[in-house]
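Here is what each chain is made of, one letter per residue.
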Amino acid sequence: MSLEDTRLRARRRWSAGRAAVGAVALAAIATVTLAGTPSQAAQPPTTAAAKPAAVLPSAVPAAPAGFTTTWSDDFNGAANTGLDTGTWRYDAGPGSSFGTGEIETTTTSTSNVYQDGNGHLVLKALHSGTDPNSGWTSGRVETQADGFGAVPGGVVRMQASIQQPDVTTANGAGYWPAFWMLGSPLRIGVGWPGSGEVDILEDINGRSSVFGTLHCGVGSGGPCNETTGIGSGERACSGCQTGYHTYAVEIDRSTSPEQIRYYLDGANYFTVNSNQVDAATWANAVDHSYFIIFDLAIGGGFPAAFGGGPNANTVSGGQLNVDYVAVYNKPPAGSLGTNIAQGKPTTASSVESASFPASNATDGDVTTRWSSGFSDPQWLQVDLGQSYNLTHATLTWEAAAAAAYQLQTSSDGTNWTTVYSNANNPQDIQDTALNATGRYVRVYATSRASQWGDSLYELALYGTPGSGGGNGGTTLLSQGRTATASSAENSSFTAPNAVDGNTGTRWSSAFSDPQWLQVDLGASHTISQVVLNWEAAYATAYQIQTSNDGTNWTTIYSTTTGTGGTQTLNVSGSGRYVRMNGTARATQYGYSLWEFQVYGS
C-alpha cells in the first residue's frame, strides 16, 4: 500500500447525518402532501424497468453570468466502465458504518457503479434473496478533490443534472438517493456536523420530491437542530423520477449575511442565512472547501421517518443517473486581473511523492495539489519571471492545510521579506490583500493543521509589473509559445516542455552535436534577457540567436565555457524567433533544458 493510500484510509471519517438520525422531525415539517401511497397503488414488479438507452446527455452548461467553470465531469466513459479513480473515490463498505441506519453494502463493482456509454454516471441498487431488509448492494462515490469552495467575498455554485430512481411510493420504499457535500475538514478528523454538510438533493421512498438541508453545530440539538439540521422540508419535484432535472446550491460569501441558496431547475426554493446561527458555527461549517458525493442508499432513519422500508414490494434495480456535475465560481466584486502565478516555475522544500509536485499549486487546476513532507517547516515558491507590485493573494489549501505561515517576497530568490503572516488560522480558503514588491513569492509554512504535510491546491497572485529587481521590469515572452527543436530524445521530452512553465518537465535532444531549441514569440520583440534552466545534461558551448523569419539567424550571445545549472544572460537583440544553438555537450547524453525563458518588451 502506498503512502497516499495509507493517508486516504486514515482520513476516512463519515457523516452520521444525511438528515437521517432523528429524521422523524422532518415528517412534521413536510411542506407538501404527495399522492400515491403503497396502499393506493397496484402491486409493483420485482425489478425496476431499465432506463432508455436513447436518453442523450447534455453538455456541461457554460458558467452562469459572472461565474467561471472551476471543474466538471460529464461521464463520457465507455459503456459499463468504472470511474476514473484519479477524480473519484469509491466509498465501499456496509451502509451500517455510516451511522444512518442504511442496510445496503456499497461496492466498486460495475454492477452498482458505472458509466453507461451515453454520458451518464449510474448508481444502481440491487437486491438478492427474499428478505427485503438484507441482500442489498449499491454505490457511493465522492470526489478526490476537496478544494471546492468560495473565497471571502465570492460565490461558489455546485450543480448536477440528475434523474432520480424511476420508482414510486408503491415500489420504492427504502430508496434514498442523494447529491451532497461534506466539509473538507472532515478528512483530517474534524468531527461531524461541526465540519459542515450541505445536502443538495435528497429524496426518499419514491416520493417525487426534494429536500435541501444544512447540517452544522453539534451532534444533537444545538444551533442547527441536529440531527435534523436546518432544512427546506419536503418540496414537490414533479417528473424527477422520469427525467433529468438540475439541482444546485450557491454558497454566497459576498452578501451580509452570507447565504446558502438551494435551486431546483434554476428556481431558488430555499435559503439559509448565516445569522440563523452564531458566527463560529457558520464559519466552521460553511466558510471552507468541500468534496462532492453521490450515493444511492437503501433503508435508514430518513426513509423510515416517512413510512419507508424496504419492504416486500421494494423493487430491485432502481438507478440514480447523473448527466453531469459542475462547480462554478464567482470572484469578489472588483477585478483582480490575471493570476500572475499561474504556469510560472514553482519549487518547494519537499514533496510527499511524485504525484504532488510543486507545479501543481500554480497550474490553475483546483483538483491537483502540492503536498510536502510530513514535518515543519516547509516552503513553496514561485518565480514570477519579473518584479511585480503585488496586490492580492489567494491560497486554496487541501484539508491538510498550514495552520500558520508567512507570505514572503524576494528580488533574488535568496533574501526574503515577510509581507503577510497567518497566525494559526487553519481554514482552507485564505485570501488577503498585499502591498509588496518582488519577483519571487514564497509560502513559508511553520505549523501544520494535521499530522500530514502542507498541501496546497492553488496559490493565486495578483499585481502589476514593477520596475527594478528580477528582469528589470521586462516581460516573460516565451512561456506557452510554440517551441520546436532539431530532435527529441523520445516523446516524453519534447520541445514544448521547455516553455511550459513547469520545472518538472524538460526537453532533451538526441545524443549528438549540434542540436537546437527555438521558440516562436508570435511577433517581433526587443530581447533583454534569456534564462536557461539546464538539467544535468547541459551545453558547454552554445549560442543564443534571434531571427525575424526562423531561417536567418543573428547571434546575440555565445560561450564555450557553459557551467549548467540556471544561467541568466543579459542580452541585447530583437526578433520573433529565439534559439539556443548547442554545439558541444557536457555529457554523453543530449542537451536537456527544464525551462528556456526569453524576456523583453
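Just so you know, these numbers come straight off a predicted model, no measurement behind them.

Reading the values: rules and limits
Residues numbered from 1 in each chain as written. Predicted model: local features only at pLDDT ≥ 70, side-chain atom pairs only at ≥ 80, totals over all residues. Heavy atoms only, no water. 1 Å grid on protein atoms, 1.4 Å probe; cavity = no way out; pocket = protein on both sides within 12 Å on 5 of 7 lines; lining within 4 Å. Points joined across faces, edges and corners; volume = space filled by probe spheres on them. Helix = DSSP H or I, 4+ residues; strand = E, 2+ residues; numbered from the N terminus. Nonpolar A, V, L, I, M, F, W, Y, C, P; charged D, E, K, R; others polar. Polar contact = N/O pair within 3.5 Å; in protein donor to acceptor, adjacent residues only side chain to side chain. Buried < 20%, exposed > 50% of the residue type's maximum accessible area, 1.4 Å probe, protein only. pLDDT = per-residue confidence, 0-100. Contact = heavy atoms within 4.5 Å. Lys, Arg positive; Asp, Glu negative; His and termini not counted. Salt bridge = Lys/Arg side-chain N within 4 Å of Asp/Glu carboxyl O. Pairing = 2+ DSSP bridges.

Asks: Got a sec to walk through the layout of surface pockets? Specific residues and values, please.
Replies: The gaps left among the atoms become clear once a water-sized probe is rolled over them. In this structure, the largest pocket encloses a volume near 770 Å³. If you go around the largest pocket, you meet 27 residues; those closest to its centre are Thr68, Thr70, Asn329, Ala460 and Tyr462. Residue assignment for the lining of the largest pocket shows that the elements contributing at least two residues are β1 (68-73), β20 (319-330), β23 (378-397), β26 (429-448) and β27 (455-465). Looking at side-chain class alone, the lining of the largest pocket contains 10 nonpolar, 13 polar and four charged residues.

Asks: Please give an account of the side chain of Arg187 that cites residues and values.
Replies: On the secondary structure map, Arg187 appears in the loop between β11 (175-183) and β12 (197-202). A distance of 2.8 Å separates a polar atom in the side chain of Arg187 from a polar atom in the side chain of Glu142. Here the side chain of Arg187 touches Gln144 through a polar contact of 2.7 Å, landing on its backbone oxygen.

Asks: Can you explain unusual backbone geometry? Please cite residues and give values.
Replies: Glycine aside, the phi torsion of most residues is negative, and most peptide linkages are trans. The omega torsion of the bond from Ser256 to Pro257 falls at 0°, within 30 degrees of zero and hence cis. Looking at the secondary structure, you find Pro257 in the loop between β16 (245-252) and β17 (259-264). At the junction of Asp513 and Pro514, the peptide bond is cis and its omega measures out at -10° in the coordinates. One non-glycine residue with positive phi stands out, namely Phe75, at about 55°. Within the secondary structure, Phe75 sits in the loop between β1 and β2 (88-90). Using a relative accessible area of 0% as the deciding quantity, one classes Phe75 as buried. Its identity as a non-glycine residue notwithstanding, Asn80 has a phi of 65°, on the positive side. Mapped onto the secondary structure, Asn80 falls in the loop between β1 and β2. Here Asn80 falls in the partly exposed class, since its relative accessible area comes to 48%.

Asks: Give a description of the confidence of the model for the chain that names residues and reports values.
Replies: On average, the chain scores 88 in pLDDT, and the residues at 70 or more come to 89%. The low-confidence segment residues 50-54 (pLDDT under 50) makes five contacts with residues lying over four places distant or belonging to another chain. Every residue in residues 468-473 scores below 50 in pLDDT, and together they form 15 contacts with partners more than four places removed in sequence or on other chains.

Asks: Could you give me a rundown of the side chain of Asp203, with the residues and numbers involved?
Replies: Locating Asp203 in the fold gives a position in the loop between β12 and β13 (209-215). The charged side chain of Asp203 is buried without a salt bridge, its nearest counter-charge being Arg207 at 5.7 Å. In terms of polar contacts, Asp203 uses its side chain to reach the side chain of Gln241, at 3.1 Å. In contact with Asp203, not counting residues within four places along its chain, are Gln164, Tyr175, Trp176, Pro177, Ser208, Ser209, Phe211 and Gln241.

Asks: Summarise the sheet that holds strand β8 (residues 136-138); cite the residues concerned and give the values.
Replies: Read from one edge of the open sheet, four strands run β3-β4-β8-β7, paired in mixed fashion. Looking at the sheet topology across the chains shown, the edges are occupied by β3 (93-94) and β7 (126-127). Summarising the sheet, β3 and strand β4 (residues 105-106) pair through two bridges and their orientation is antiparallel. Looking at β4, one finds that Pro94 is bridged to Thr105.

Asks: Run through the pairing of strand β24 (residues 402-410), naming residues and quoting values.
Replies: Counting buried positions along β24 yields nine of nine residues, so the element is predominantly enclosed. Pairing of β24 with β26 involves eight bridges; the strand directions are antiparallel. For Thr409, the partnering residue across the bridge sits in β26 and is Val441. The pairing of β24 with strand β25 (residues 417-422) spans five bridges and is classified as antiparallel. Bridge pairing in β25 links Leu407 to Tyr420. Connecting β24 to the antiparallel partner β25 that follows it, the hairpin turn spans six residues, and Gly413 within it adopts a positive phi of roughly 80°.

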